[in-house]
Amino acid sequence: LADGTTLGLYRGTATINGTLEMGSSSVLTTGTKVALTVASGGEITGDGHLRLDSGTVTLTEPMTLPSVEIKGGSLVANDDLSVGVLHLIAGGLSGAGDVTVTETLEWDGVTNMSGEGTTIIAAGATATLGTTRIYLWGGRTLTNYGTLTQSGDGRIMVGGRGATSTITNAAGAQWTVALDANKIIAYGSEPYTTVNFVNEGTLTKSSAGTNILGGSPGALNLTNSGVLEVNTGTLQLLGGTAELGSPGTVRLTTDGSITPMVRSGELTIAGSLEVILAEGYTPANGTTVRLIGYGSRSGDFGTITPPQGRTVAETYESDGLDV
């Protein structure tokens, strides 16, 4: 395709057995009832843009594409795919191959990601999950090595009856929760669905109000071995299991009026705790504040770091941790 040109495929089938070279700013777009397959030995190269308006595009070979936009239809990656910029608006992403985003990932609409592969946000890449929800379906996994930000109602819904999906915030990665109040970070949306939420990097809740990790009807199991911090509001842990493990750190900011972390069931505690006073909050000596509420607990923090210039003494009550 010459620079700046568009090739639209509508209805019927098309197969690429050789090389389709796309010039700068060129667009390959698929429309209604078209099935495009990049078959064995085929490839798409160059600096162009692949846009799915509808139809199905199936990739059977490893491939690198600079830019993909899914506005409808389905992209099936049955081998590994590396994408510079991936924009998800509607439709689906599936297949057995891993899809790695190396620059920018934008979720702007309801998108279903399914299949045996993993969606990977590479180190140095930026991902935004905005105004609406996405689905991880049938065991699809998600791994963040870069910087991911959730805002609005950008929840992750995990489905597939009996399926298990793993969401990992890897070591060195940053995941920021800036959701609206009372919105869900991630949960199992169907019965007998299991979500393993693994934080090895830094997971930061930065928005006011309560945000929720987990919930019915599925089960979410949280494991923290990185940094789990609540800068404002409350993080509520629902369903499944919750393990604040070693060598993980829990960093909680208190203003004296709210409980930064709440767990209705059993909470497993290890690792270290850092206590931070909210800006403008200067409690008198001897003030007691609740940092964590729980239904029951096992273990305790090996190290507790007080706010600068203060000391703290902890008390593990039957229903929560006071300092």
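Described in the following lines is the structure provided in the data block. Given the structure is predicted, the values throughout are model-derived calculations rather than measurements.

This paragraph deals with the overall build of the protein chain. Helix and strand content of the protein chain: zero helices and 37 strands. Here the C-alpha coordinates of the protein chain stretch approximately 75 × 40 × 30 Å along the principal axes. Evaluated residue by residue, the protein chain yields a buried proportion of 51% over its 323 residues. Across the protein chain, every contact between residues at least 6 apart in sequence was considered, and the portion connecting residues at least 24 apart equals 49%. Accessible area for the protein chain stands at about 12800 Å²; split by element, carbon and sulfur atoms hold 46% of it.

In this section: the nonpolar core. Counting 74 residues, the largest nonpolar core has Ile156 and Ile167 as its most contacted members. Beyond its immediate sequence surroundings of up to four residues, Ile167 is in contact with Leu136, Leu142, Ile156, Val158, Trp175, Ala186, Val195, Asn196, Phe197 and Val198. Judged by nonpolar contacts, the second largest core, of five residues, contains Tyr135, Met157, Ile184 and Tyr187.

Taken as a whole, this structure holds six salt bridges when the rule is applied. Across the pair Arg155 and Asp153 runs a salt bridge whose closest N-O atoms are separated by 2.9 Å. Each member of the pair, Arg155 together with Asp153, is buried. Look at the salt bridges and you will find they share partners, linking Glu229, Arg251 and Glu274 into a network.

Take the side chain of Thr204 next. Tracing the sequence through the fold places Thr204 in strand 25 (residues 202-205). Residue classification places Thr204 among the buried residues on the basis of a relative accessible area of 6%. Beyond its immediate chain neighbours, meaning those up to four positions away, Thr204 contacts Gln174, Trp175, Thr176, Val177, Glu229 and Asn231.

Let us look at the pairing of strand 16 (residues 126-129). Residues of strand 16 alternate between two faces, with Ala127 and Leu129 buried on one and Thr126 and Thr128 left unburied on the opposite face. Where strand 13 (residues 99-107) and strand 16 come together, four bridges link them in parallel fashion. Bridge pairing in strand 16 links Thr104 to Thr126. Examined bridge by bridge, strand 16 and strand 19 (residues 147-152) share four bridges and lie parallel to one another. Each residue of the ladder has a partner; that of Leu129, found in strand 19, is Gln150.

The subject of this paragraph is the packing of aromatic side chains. Overall, the coordinates contain two aromatic pairs when judged by the stated rule. Geometrically, the ring pair formed by Tyr135 and Trp137 is edge-to-face, given 6.0 Å between the ring centres and 75 degrees between the ring planes. Look at Trp137 and you get partly exposed, because its relative accessible area is 30%. Plain terms: the ring middles of Trp175 and Phe197 are 5.4 Å apart, the flat faces sit at 55 degrees to each other, and that makes the pair tilted. Residue Trp175 is located in strand 22 (residues 174-179), and its partner Phe197 is located in strand 24 (residues 194-199); the two are separated by 22 residues in the primary sequence. Exposure remark for Phe197: the relative accessible area of 0% places this residue in the buried category.

Moving on to unusual backbone geometry. The omega torsion of the bond from Ser216 to Pro217 falls at 10 degrees, within 30 degrees of zero and hence cis. Residue Pro247 is bonded to the preceding Ser246 through a cis peptide linkage, with omega at 15 degrees. Here Pro247 is to be found in the loop between strand 30 (242-244) and strand 31 (249-254). Phi at Lys33 takes a positive value of approximately 60 degrees, unusual for a residue other than glycine. Along the polypeptide, Lys33 turns up in the loop between strand 4 (27-30) and strand 5 (34-38). Of note, the phi angle at Tyr192 is positive, near 65 degrees, even though the residue is not glycine. Relative to the elements of secondary structure, Tyr192 occurs in the loop between strand 23 (184-188) and strand 24. Look at Tyr192 and you get exposed, because its relative accessible area is 63%.

Conventions adopted
- Residues numbered from 1 in each chain as written.
- Predicted model: local features only at pLDDT ≥ 70, side-chain atom pairs only at ≥ 80, totals over all residues.
- Heavy atoms only, no water.
- Helix = DSSP H or I, 4+ residues; strand = E, 2+ residues; numbered from the N terminus.
- Buried < 20%, exposed > 50% of the residue type's maximum accessible area, 1.4 Å probe, protein only.
- Contact = heavy atoms within 4.5 Å.
- Areas by Shrake-Rupley, 256 points an atom, 1.4 Å probe, with all protein chains shown as cover.
- Core = buried A, V, L, I, M, F, W, Y, C linked by side-chain atoms within 4.5 Å.
- Salt bridge = Lys/Arg side-chain N within 4 Å of Asp/Glu carboxyl O.
- Pairing = 2+ DSSP bridges.
- Phe/Tyr/Trp six-rings, centres within 6.5 Å; stacked < 30°, edge-to-face > 60°.

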